[in-house]
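# Examining the three-dimensional arrangement
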Amino acid sequence: MNSAPKKYNCIIVEDEPIAAEILETFISRDPELNLIGKCADAVYANSLLNIHEVDLMFLDLHLPVVKGFDFLRKLKNPPLVIVTTAYHQYAVEGYELDIADYLLKPIPYDRFVTAIGKFKYLMEAEDALLEMAERDHIFISSGKKQVKIILQDIFYIESLREYINIHTKTDTFTFKMPISKIEESLNPKMFTRIHKSYIISKPKVEEKSASIVQIKGKKLPIGRTYKPFIDL
């Protein structure tokens, strides 16, 4: 089954109606791009960025009141940007900002396609990095905090009614969550459930028998219903 195409939210920040219209037409030809707003100045652009998750901003440098680069520098968490300008001398100024490409007006369609290709490459590289990051740690909510747990450090996870204890090399972390919930976010190649109350890290097993696994000097029982599925 094919997964649905990725959708990237984008906005156009452009005070020339014709230039904005051309960009809108180009965007509509790409099923992965989703235009969520057009605006003619930085103030309106800022409010759009606060309301929506925006992946890509088409930004004209010559905006009324606040100029494009000044606006970009003030953004705390800017999306990727494709600059649109009639003046090529501005390219150098934007190097330290998150700029995917520069489009010189009037913008030819094939040049637009190239710029979108660069943008998608950057987004996919970012996604891959996020996946890599997710593979070596997990974040667990504890009240309003997010606690980072390095997967390599986990020895075993123990369920105590509605709580779990995560036993690591140096600490034991306690969270209010069912053991089945954390089981979903763990890589089965590295972790396995051996009992309704225990998940273990396979590389940390010191001894094993038909009914017991020893980790960190502690003997943990293997539950009858889990026995057929355990791969150690």
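Above: the structure in question.
Report follows, based on the coordinates. The structure displayed is predicted, hence computed values, not measured ones. (Residues numbered from 1 in each chain as written. Predicted model: local features only at pLDDT ≥ 70, side-chain atom pairs only at ≥ 80, totals over all residues. Heavy atoms only, no water.)

## Some words on the environment of proline 228
- Among the secondary structure elements, proline 228 is positioned in the segment after strand S15 (218-221).
- Each C-alpha atom, one on proline 228 and one on isoleucine 157, is 20 Å from the other, the two residues being 71 residues apart in sequence. (Helix = DSSP H or I, 4+ residues; strand = E, 2+ residues; numbered from the N terminus.)

## Here we look at the side chain of aspartate 101
- Tracing the backbone through its elements, the reader meets aspartate 101 in strand S5 (residues 99-104).
- Once residues lying within four places of it in the same chain are set aside, the contact partners of aspartate 101 are Val81, Ile82, Val83, Arg111, Ala115 and Lys118. (Contact = heavy atoms within 4.5 Å.)

## Overview of the sheet that holds strand S14 (residues 212-215)
- Pairing is antiparallel across the open sheet formed by three strands, whose spatial order is S13-S14-S15. For this open sheet the edge positions go to strand S13 (205-208) and S15, each flanked by a neighbour on one side alone. Taken pair by pair, the neighbouring strands of this sheet meet at an average axis angle of 30 degrees, ignoring direction.
- As paired elements, S14 and S15 share four bridges and run antiparallel to each other. Residue pairing for S15: valine 213 is matched across the bridge by leucine 220. (Pairing = 2+ DSSP bridges. Axes fitted to C-alpha atoms, helices over the stretch in contact; angles between N-to-C directions.)

## Some details on the side chain of serine 197
- Relative to the elements of secondary structure, serine 197 occurs in the loop between strand S11 (191-195) and strand S12 (198-201).
- Non-local contacts of serine 197, meaning those with residues more than four positions away in its chain, are made with Ile157, Glu158, Ser159 and Ile179.

## Section: the pairing of S13
- Pairing of S13 with S14 involves three bridges; the strand directions are antiparallel. Among the inter-strand pairings, glutamate 207 is bridged to a residue of S14, identified as glutamine 214.
- A loop of three residues connects S13 with S14, the two strands running antiparallel in sequence.

## Observations concerning helix H2 (residues 42-51)
- Along H2, the residues that are buried comprise Ala42, Ala45, Leu48 and Leu49. Burial along H2 is one-sided: seen end-on, the buried residues are contained in an arc of 115 degrees. Among the exposed residues of H2, those oriented more than 90 degrees off its buried face are Val43, Asn50 and Ile51.
- Against strand S1 (8-13), strand S2 (33-39), strand S3 (56-60) and helix H3 (68-74) lie the buried residues of H2.
- The N-cap of H2, judged by a side-chain oxygen 3.0 Å from the amide nitrogen of valine 43 a few residues on, is aspartate 41. (Buried < 20%, exposed > 50% of the residue type's maximum accessible area, 1.4 Å probe, protein only. Arc of directions from axis to C-beta. Polar contact = N/O pair within 3.5 Å; in protein donor to acceptor, adjacent residues only side chain to side chain.)

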